[in-house]
Amino acid sequence: MAPLRLNSRERLDVYTGLFLLNNSFSFIVQVLDELAQTPIFSAHDLREMCGLIQEVQLEINTSLLNPLESAEQTDWARFGNLRKAMEKRLRGPESKRRKR
């Protein structure tokens, strides 16, 4: 399978989606914490629920970030090679003369 490559727009969309996903988990934990302050619900039960929510969040993040890290490493290497080629081209033949 060919390595995944992301353009700037796709990268923005992916990271925006990850932000929204994690922000939603944060909101759930915040609301559960607020509900734990009321006498209606068991604070202990709600703290346990927060732990479960955060475990699911971390499992999802881990699953999503593994292929994303691979794509980022691939793109980093590709763009690094482009930069090196550009630098070599810009140095031109005079840098070869200096080395002699």
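Note that this is a predicted model, so its numbers are computed, not measured. (Residues numbered from 1 in each chain as written. Predicted model: local features only at pLDDT ≥ 70, side-chain atom pairs only at ≥ 80, totals over all residues. Heavy atoms only, no water.)

Asks: What is the right way to look at the environment of E69 in this model?
Replies: As for its placement among the helices and strands, E69 is situated in helix α2 (residues 43-99). The class for E69 is partly exposed, based on a relative accessible area of 48%. (Helix = DSSP H or I, 4+ residues; strand = E, 2+ residues; numbered from the N terminus. Buried < 20%, exposed > 50% of the residue type's maximum accessible area, 1.4 Å probe, protein only.)

Asks: Whenever I open this one, the nonpolar core confuses me. Can you help?
Replies: Side chains of a nonpolar character, in soluble globular proteins, are inclined to be buried together. Among the nonpolar cores identified, the biggest contains five residues, and these are V29, L32, A36, L46 and C50. Mapped by element, the contributors of at least two residues to this core are α1 (8-36) and α2. The dominant element in this core, judged by the number of residues it contributes, is α1, at three residues. Not counting residues within four places of it along the chain, the set of residues in contact with A36 comprises A43 and L46. (Core = buried A, V, L, I, M, F, W, Y, C linked by side-chain atoms within 4.5 Å. Contact = heavy atoms within 4.5 Å.)

Asks: Would you mind showing me how to read α1 here?
Replies: For an α-helix, 3.6 residues make a turn, and residues three or four places apart therefore share a direction. The end-to-end C-alpha distance of α1, which contains 29 residues, comes to 42 Å, matching closely the 42 Å that a straight helix rising 1.5 Å per residue would cover. Turning to α1, its buried residues number three or more, namely R11, L18, F25, V29, L32 and A36. The N-capping residue of α1, defined by a side-chain oxygen 3.0 Å from the backbone nitrogen of R9, is N7. (Expected span 1.5 Å × (residues − 1). Polar contact = N/O pair within 3.5 Å; in protein donor to acceptor, adjacent residues only side chain to side chain.)

Asks: Explain the environment of G51 to me, please; I cannot follow it from the model alone.
Replies: Within the fold, G51 resides in helix α2. Under the relative-accessibility criterion, G51 is labelled partly exposed at 34%. Remark: the alpha-carbon pair of G51 and V29, spanning 22 residues in sequence, is separated by 8.7 Å.

Asks: Honestly, the pattern of salt bridges in this entry has me stumped. Any pointers?
Replies: Note that side chains of opposite charge can pair when their charged atoms are close. With the rule as written, the count across this model stands at two salt bridges. Here E87 and R83 are joined by a salt bridge, their closest N and O atoms 3.1 Å apart. A residue pair is termed a helical-turn pair when its members lie 3 or 4 positions apart in one helix, as E87 and R83 do in helix α2 at four residues. We classify R83 as partly exposed; its relative accessible area is 40%. (Salt bridge = Lys/Arg side-chain N within 4 Å of Asp/Glu carboxyl O.)

Asks: Quick question: what am I supposed to make of a nonpolar patch on the surface here?
Replies: Taken together, the side chains of L35, I40 and F41 present a nonpolar region at the surface, about 300 Å² in accessible area. Following the sequence through the fold, F41 ends up in the loop between α1 and α2. (Patch = residues over 30% accessible without salt bridge, like charges linked within 9 Å, V, L, I, M, F, W, Y side chains within 5 Å. Areas by Shrake-Rupley, 256 points an atom, 1.4 Å probe, with all protein chains shown as cover.)

Interpretation in functional terms is not warranted from these geometric data alone.
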